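Tertiary structure, described
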Amino acid sequence: MVNQTKTILVTGGTRGIGRAIVKEFAKEGFNIVFTYNASDELAQDLCREIDSSGSKAVAFKADASDMNSAEEVINKTLEKFGRIDILVNNAGITKDTLILRMTGDDFDKVISANLKSTFNYTKFAIKSMINQKWGRIINISSVVALIGNPGQSNYVASKAGMIGFSKSIAKEVATRNITVNVIAPGFIESDMTAKLNEKQKEAILNQIPQRKIGLPEDIARTVKFLSSEDASYITGQVIAVDGGMTM
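Residues numbered from 1 in each chain as written. Predicted model: local features only at pLDDT ≥ 70, side-chain atom pairs only at ≥ 80, totals over all residues. Heavy atoms only, no water.

**Details of the environment of Asn120**
Condition: Runs of H or I in DSSP of at least four residues are treated as helices and runs of E of at least two as strands, each being numbered from the N terminus. Exposed residues in this analysis have more than 50% of their type's maximum accessible area, buried residues have under 20%, and partly exposed residues fall in between, with area computed by a 1.4 Å probe over protein chains only. We call two residues contacting when some pair of their heavy atoms lies within 4.5 Å. For this analysis, a polar contact is any N or O atom pair within 3.5 Å, provided that within protein one partner can donate a hydrogen and the other can accept it, and provided that sequence-adjacent residues contribute only side-chain to side-chain pairs.
Residue placement: Asn120 occurs in helix H4 (residues 104-132). Classification of Asn120 as buried rests on a relative accessible area of 0%. Counting along the chain gives 97 residues from Asn120 to Lys23, while the straight-line C-alpha distance between them is 24 Å. Apart from the residues within four sequence positions on either side, Asn120 is in contact with Ala64, Ser65, Asp66, Met67 and Ala70. In this structure the side chain of Asn120 is engaged in a polar contact, spanning 3.1 Å, whose partner is the backbone oxygen of Ser65.

**A word on H4**
In plain terms, the rule: Take the number of residues in a helix, subtract one, and multiply by 1.5 Å to get its expected span. Note that the bend at a residue is defined as the angle between axes fitted to the seven residues ending at it and the seven residues starting at it.
Between the first and last C-alpha of H4 there are 41 Å, a value that for 29 residues agrees with the 42 Å anticipated at 1.5 Å per step. At Ser112, H4 shows its maximal bend, which comes to roughly 35 degrees. Count one or two residues on from H4 and you reach Lys133, which has phi positive near 60 degrees.

**Section: unusual backbone geometry**
Residues other than glycine seldom take positive phi values, yet Lys133 does so here, at roughly 60 degrees. The topology assignment puts Lys133 in the loop between H4 and strand E5 (135-140). Phi at Asn177 is positive, roughly 65 degrees, even though this residue is not glycine. With respect to the helices and strands, the residue Asn177 is situated in the loop between helix H6 (153-173) and strand E6 (178-185).

**A few points about the pairing of strand E1 (residues 7-10)**
Note the threshold: In this analysis, strands are considered paired if DSSP registers two or more bridges between them. For the handedness criterion, the strands are oriented away from the viewer, and a crossover whose path from the first strand over the helix to the second runs clockwise is classed as right-handed.
Residues Thr7 and Leu9 line one face of E1 and the alternating positions Ile8 and Val10 line the opposite face, and both faces are buried. Two strands pair when backbone bridges link them, and E1 and strand E2 (residues 31-36) are joined in this way by four bridges, in the parallel orientation. Paired with Val10 across the bridge in E2 is Phe34. With helix H1 (residues 16-27) bridging E1 and the parallel E2, this β-α-β connection has right-handed handedness. Note that E1 and strand E4 (residues 86-89) share three bridges and pair parallel. In the sheet register, Ile8 faces E4, and the bridge partner there is Ile86.

Any functional reading would require information that these geometric values do not contain.
Written out as structure tokens, the structure is:
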């Protein structure tokens, strides 16, 4: 018998925004599947936390940029839970430097990890969504995709690519009760922002009308909204969750 509990798959689920999304949907009783690239211990701890809450969690150590790996994760998810209802493409890396110092490898690795991974998981998950005539795909981009940022041309290109990709797929599957949307986070609390000194934090806050840095949970709650029936008439859109930074 197929498990009728909805299943969410989040790439890059052990830290920051990905972790917040996983925990938000665990509270709602979803089957949770997430990928991670490095820390087995973090992944195992998160699975135990979710299982103890009453939801079911499965973690896959996988290189999101590898197409064969993505197909394997999708197939194993379908074997385990019988369905994929929500896909959140969140995995990503940075290799920041000015264009004059950026190597071809710096560019290729960021495009592959951020943009190619989105293609990989969308390609293999969407067939299941089409068959069940319901699905939600949410791609985590960035406000820098909308405004640019010096020293991040590779990252910005990957995140802007996600927007164009999402709009195209949204049109392909709009009649199948599948929506595809993008969230563009602004400055969000993370390991990186925790290391900033007061002068750096002040410079960031000066760019944000709300004068505060966002929380990973702000993104998770937006993902939850876009995944709900309340958002069934929203597709192909980019929602900046940024305290007003890009308005």
